[in-house]
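Residue strings, one per chain:
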Amino acid sequence: MRSGLPEVRNIGPAWLTAGLDRVRRLDWPSHRALHGEIPLLSLGELIMLAEAGDLRGRGGAGFPFARKIMAVAESANQKRSEVVVVVNGTEGEPGSFKDKVLLTRAPHLMLDGAVLAATALRAREVVVGVTDAEAQVSVDSAIAERGLTGLARVVRLPERFVSGEGGALVRGINGLKPIPPGRKVRASESGVAGVPTLLSNTETFSQLAMLAALGADGYRTAGTTDEPGTILLTVLGSARAPAVVEAPAGIPLRVVLELCDADPGDGVVVGGYHGKFISGEAAMRAELSRAGLKPVGTQLGAGIILPLGSSTCPIGEAARVTRYMAGESAGQCGPCALGLPVLAEAMEALAEGRGGSITLETVRRAAGAVKGRGACSHPDGLSRFVLSSLDAFSEDVNAHVLNGTCGRKVQGMLPVPMEESSQPGIGRLVVDWSRCDGHGLCAGLLPGHVTLDIHGFPVIPNTPLPARLERDAEKAIAMCPALALRLERSGGH
């Protein structure tokens, strides 16, 4: 990687990534020489163009961009209100770099699309939300280079997974804590400063600029009939040549993996940590489009491709991600604050071979308990990710349940920014077997860390107790009916 970013590669036409093989960053003169001047359009013309090119959001949901523009325009008309255009460049997912590449290396393409939309909607301003310092500097410079200081500005938010959620971004721009709102609020109705807001991600606005430059017919020369244009993909994981890849929609996944020297091995994460694992076999026949991924049971999401290879323990990899994601929640509802830690503990227990089939059932029950009950999509996304790992790696799951391990160590193939496992524990839980009567209360208070065997007696790992569980451990010790549980603290304290 160069400057913390993967290399940029392309298959087929290089539209969004044009010129990036020659220069580090396209400044305003080099951008105009390469892409020309984007024609400004009326609101009606812009809607017709987005419909003709079937432009859809590239942030994950794939919502038709024309419908989003119409919703903002109708809301503004009804309220007789101004409009704000927001570019979501936060990209909080650790496996995604495509928007960071655009923001730091081709920022004027994104601004072309944002200004095009803002002009058609007669918006009062364009706000670009970022979490990355280099992206902030690049976009600020681009705004100054083309004299947009009075129209556009950059807002930097904390770099967290939930910062990328649209509602969290709007809250952050409004000066509030950048977490998803507790209730569904459509930005098209009430966004920045309470006015109708057109909100989409960096790639979507860049695609809009290319669609305007090429025209609908030119844009449709790449991709499929139903899904025209190119897509940006971040390929990491076990890839020996990690890259941000621009490719036509509908390309076989195996072609992209070959370009990045990536063996799918046991499986591939498609769509990121709110997406799904698919098996290695499914990866070899999947095509990267909505229609092409439907037969293998997943969606492209934000274009994240993470092959595992064959050397790592897939259940251990899934457990690492689950622990990270549990810590990235907004913590504002029960499913996130209470349910996700239980899910993470159970996944770690499964990866460590503790508790057998009871632990597996705990994973399934915990994943099901948070589904559809959160204040935002985070619990649903993580539940989907975890359950897909059980389906894609069923043989490995059985090995962990029956034998305690699949025989492979966790290699850390999936990107996780900070892992609690690297932090020292506070000590070890110890059972006095002369006292223990198998009440099982400790397992209820420390789910995942403590499981029960077939006779109802506790199974406790011979590993340090994480600091986050200290209070729960003290409660379990105090409430043990037989006084059989104690904590041997590190360092003899």
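Our subject in this report is the structure included herewith. (Residues numbered from 1 in each chain as written. Predicted model: local features only at pLDDT ≥ 70, side-chain atom pairs only at ≥ 80, totals over all residues. Heavy atoms only, no water.)

1. Considering the environment of E488
- Mapped onto the secondary structure, E488 falls in strand 14 (residues 485-489).
- Here E488 falls in the partly exposed class, since its relative accessible area comes to 41%.
- The spatial distance from the C-alpha of E488 to the C-alpha of K177 is 39 Å, given a sequence separation of 311 residues.
- When neighbours within four sequence positions are excluded, E488 is seen to be in contact with G427, R428 and V430.
- A distance of 3.0 Å separates the side chain of E488 from the side chain of R486, its partner in a polar contact. (Helix = DSSP H or I, 4+ residues; strand = E, 2+ residues; numbered from the N terminus. Buried < 20%, exposed > 50% of the residue type's maximum accessible area, 1.4 Å probe, protein only. Contact = heavy atoms within 4.5 Å. Polar contact = N/O pair within 3.5 Å; in protein donor to acceptor, adjacent residues only side chain to side chain.)

2. Here's the deal with the sheet that holds strand 6 (residues 230-235)
- Taken in spatial order, the six strands of this open sheet run 1-7-6-10-8-9, and their pairing is mixed. Two strands in the sheet have a free side with no partner beyond their single neighbour: strand 1 (7-10) and strand 9 (276-279). Adjacent strand axes in the sheet meet at a mean angle of 25° when their direction is disregarded.
- Examined bridge by bridge, strand 8 (residues 267-270) and strand 9 share four bridges and lie antiparallel to one another. Within strand 9, the position partnered with V269 by the bridge is F277.
- Helix-sheet contacts for helix 4 (residues 98-105) involve strand 1, strand 6 and strand 7 (243-248), and the interaxial angle to strand 6 is about 110°. (Pairing = 2+ DSSP bridges. Axes fitted to C-alpha atoms, helices over the stretch in contact; angles between N-to-C directions.)

3. A word on empty space enclosed by the protein
- In total, this model carries two cavities of 30 Å³ or more according to the counting rule given.
- Within this model, the largest cavity holds a volume of roughly 130 Å³.
- Lining of the largest cavity is provided by 15 residues; of these, C436, G440, C442, P458 and C480 occupy positions nearest its centre.
- By residue class, the composition of the lining of the largest cavity is 11 nonpolar, three polar and one charged. (1 Å grid on protein atoms, 1.4 Å probe; cavity = no way out; pocket = protein on both sides within 12 Å on 5 of 7 lines; lining within 4 Å. Points joined across faces, edges and corners; volume = space filled by probe spheres on them. Nonpolar A, V, L, I, M, F, W, Y, C, P; charged D, E, K, R; others polar.)

4. Remarks on unusual backbone geometry
- In this structure, E91 takes a positive phi of about 45° despite not being glycine.
- Even without being glycine, A193 reaches a positive phi, approximately 55°.
- Position of A193 relative to the elements: it lies in the loop between helix 7 (166-173) and strand 5 (197-201).

5. A look at the sheet that holds strand 3 (residues 125-130)
- Pairing is parallel in the open sheet, where four strands are placed in the order 4-3-2-5. Edge positions in the open sheet fall to strand 4 (152-156) and strand 5, since each of these has one partner strand only. Ignoring which end each strand starts from, the neighbouring axes of this sheet average 20° apart.
- Taken together, the five bridges between strand 3 and strand 4 define a ladder with parallel strand orientation. Bridged to V130 within strand 4 is R156.

6. Regarding the pattern of salt bridges
- Throughout the structure, instances matching the rule amount to 26 salt bridges.
- With a shortest N-O distance of 2.9 Å, E203 and K98 are connected by a salt bridge. Note that E203 is positioned in helix 8 (residues 202-219) and K98 in helix 4, a separation of 105 residues in sequence.
- For R285, the salt bridge goes to E281, with nearest N and O atoms at 2.7 Å. Within this pair, R285 and its partner E281 are both found in helix 10 (residues 280-285), separated by four residues, close to a single helical turn.
- With relative accessibility at 51%, the residue E281 sits in the exposed group.
- Several salt bridges converge on common partners, so that one network encompasses R58, K98, D99 and E203. (Salt bridge = Lys/Arg side-chain N within 4 Å of Asp/Glu carboxyl O.)

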